[in-house]
Amino acid sequence: MRIRVFETEDQLNKAAALFHGGQLQRKPESVLGLATGSTPVGVYRELVELHVRGLVSFQEAITFNLDEYAGLSKHHPQSYFTYMNQHLYRRVDLRPENIHIPNGEASDLQDECERYDRQLKNAGQIDLQILGLGHNGHIGFNEPDLTLAAGTHLVGLHEDTRKANARFFSSPGEVPALAITMGIAPILQAKTVLLLVRGEDKAAIVSRALAGPITTQCPASLLQTHPNLIVMLDTGAARELV
Ligand code: F6R
């Protein structure tokens, strides 16, 4: 694994966007695994900037998002579809048919998980997977557990995840209890994984994930086995790494 630590959020965002942009320049038809949450917002902003400057095109790219809340309309202000639309989809030249995100409104959520897995399989290996990190070590919404699922599945969000995400909703009770998440297999099989973490509040989990035992109780620790893991941290998140 390669770990890079940045003094400022701006430096981290720019480095991550350049890394992502480089992937698209080398392989315009890349399959990109995308994350939501507060961490990648600035990275998407920088990527859009690279696109506006004519340096990066998404025209041939295929995207797969990690997750989506279940039971939330895709047009809800806090759906991950809305997030992606605001921060990336409508700001770059991605083709609508190349955008994939689980449909949390599907009448049969189990069917939807299977459909998403088929789409992933048809696209082949993810070239570059962007990840954020939950305070409990989750990646995507693969929450700590005795076992982890390989494929796309319906997951009950842990109370601490719902609490962490309550900041985006008008009341904590509004945070959906269920989500659809990509499983651990396509993440670990991605050719390159770019893990982005900011903030001192994540220093302990960064250290557990990158230097602690490999365990399903900290799903991100499985990334230690990945042959091409790039970690970009700010100084706060890197504080407990020795
Ligand atoms: C988002 C996702 C989550 C977040 C994680 C960190 O698609 O899959 O794993 O990356 O919860 O969220 P932030 O960046 O808001 O701290």
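Residues numbered from 1 in each chain as written. Predicted model: local features only at pLDDT ≥ 70, side-chain atom pairs only at ≥ 80, totals over all residues. Heavy atoms only, no water.

Caption draft 1: Quick look at the pairing of strand β2 (residues 31-34). Going residue by residue along β2, you find Val 31 and Gly 33 tucked away on one face and Leu 32 and Leu 34 tucked away on the opposite face as well. Both β2 and strand β3 (residues 62-65) contribute to a ladder of 4 bridges, which runs parallel. The residue of β3 that forms the bridge with Leu 34 is Asn 65. At this point the chain moves from β2, through helix α2 (residues 41-52), to the parallel β3, and the crossover so formed is right-handed. Sheet topology places β2 next to strand β6 (residues 128-131); 2 bridges connect them, and they run parallel. Bridge pairing in β6 places Leu 32 opposite Leu 128. (Buried < 20%, exposed > 50% of the residue type's maximum accessible area, 1.4 Å probe, protein only. Helix = DSSP H or I, 4+ residues; strand = E, 2+ residues; numbered from the N terminus. Pairing = 2+ DSSP bridges. Right-handed = clockwise from strand over helix to strand, strands pointing away.)

Caption draft 2: Highlighting the sheet that holds β3. The 7 strands lie next to each other as β1-β10-β9-β6-β2-β3-β5, forming an open sheet whose pairing is parallel. The open sheet terminates on both sides in strands that have one partner only, identified here as β1 (2-6) and β5 (99-100).

Caption draft 3: Summary view of the pattern of salt bridges. Tallied over the entire structure, the rule returns 8 salt bridges. Where Arg 198 meets Glu 9, a salt bridge forms, and the shortest distance between an N and an O atom there is 3.6 Å. Within this pair, whereas Arg 198 is found in the loop between β9 (192-197) and α7 (203-211), its partner Glu 9 is found in helix α1 (residues 9-26), the two being separated by 189 residues in sequence. Taking the relative accessible area as the measure of exposure, Glu 9 reaches 39% and is therefore partly exposed. Across the salt bridge formed by Arg 162 and Glu 159, the nearest N and O atoms sit 3.5 Å from each other. Of the two residues, Arg 162 and Glu 159 are both situated in helix α5 (residues 159-165); the distance of 3 residues between them amounts to about one turn of the helix. On the basis of relative accessible area, Arg 162 is assigned to the buried category, the value being 17%. Three or more residues are tied together by salt bridges with common partners; here these are Asp 10, Lys 14 and Glu 46. (Salt bridge = Lys/Arg side-chain N within 4 Å of Asp/Glu carboxyl O.)

Caption draft 4: Representation of the sheet that holds strand β8 (residues 178-181) within the structure. Strand order in this open sheet of 3 strands is β4-β8-β7, and the pairing throughout is antiparallel. Looking at strand neighbours, the two that pair on one side only are β4 (67-69) and β7 (153-156), the edges of this open sheet. Shown here is a sheet whose adjacent strand axes are inclined to one another by a mean of 30 degrees, direction ignored. (Axes fitted to C-alpha atoms, helices over the stretch in contact; angles between N-to-C directions.)

Caption draft 5: Inspection of the packing of α1 against α2 at higher detail. Closest axis-to-axis distance for the α1/α2 pair is 8 Å, and the angle between their directions is 55 degrees. As judged from the angle between their axes, α1 and α2 are oblique. Classified by chirality, the crossing of α2 by α1 is right-handed. Across the interface between the two elements, Asp 10, Asn 13, Lys 14, Ala 16, Ala 17, Leu 18, His 20 and Gly 21 of α1 pack against Gly 42, Val 43, Arg 45, Glu 46, Leu 47 and Leu 50 of α2. (Parallel < 35°, antiparallel > 145°, perpendicular 65-115°, else oblique. Left-handed = near helix turned anticlockwise from the far one by under 90°. Contact = heavy atoms within 4.5 Å.)

Caption draft 6: Highlighting the pairing of strand β10 (residues 229-234). Burial of β10 is extensive: 6 of the 6 residues sit out of reach of the surface. Both β1 and β10 contribute to a ladder of 5 bridges, which runs parallel. From the neighbouring strand, Arg 2 faces β10, where its bridge partner is Ile 230. With 5 bridges joining them, β9 and β10 adopt parallel strand pairing. Bridged to Leu 195 within β10 is Val 231.

Caption draft 7: The arrangement of the site of the ligand in detail. Close contacts around the ligand come from 14 residues, with Thr 39, Asp 67, His 138, Gly 140 and Lys 202 the closest. Contact between the ligand and Ser 38: an oxygen atom at 2.8 Å from a main-chain N or O atom of the residue. Take Arg 167: an N or O atom from its side chain is 3.0 Å from an oxygen atom of the ligand. Computed on the free molecule, the ligand has an accessible area of 410 Å², of which 95% lies beneath the protein chains in the complex. (Near = heavy atom within 4 Å. Polar contact = N/O pair within 3.5 Å; in protein donor to acceptor, adjacent residues only side chain to side chain. Areas by Shrake-Rupley, 256 points an atom, 1.4 Å probe, with all protein chains shown as cover.)

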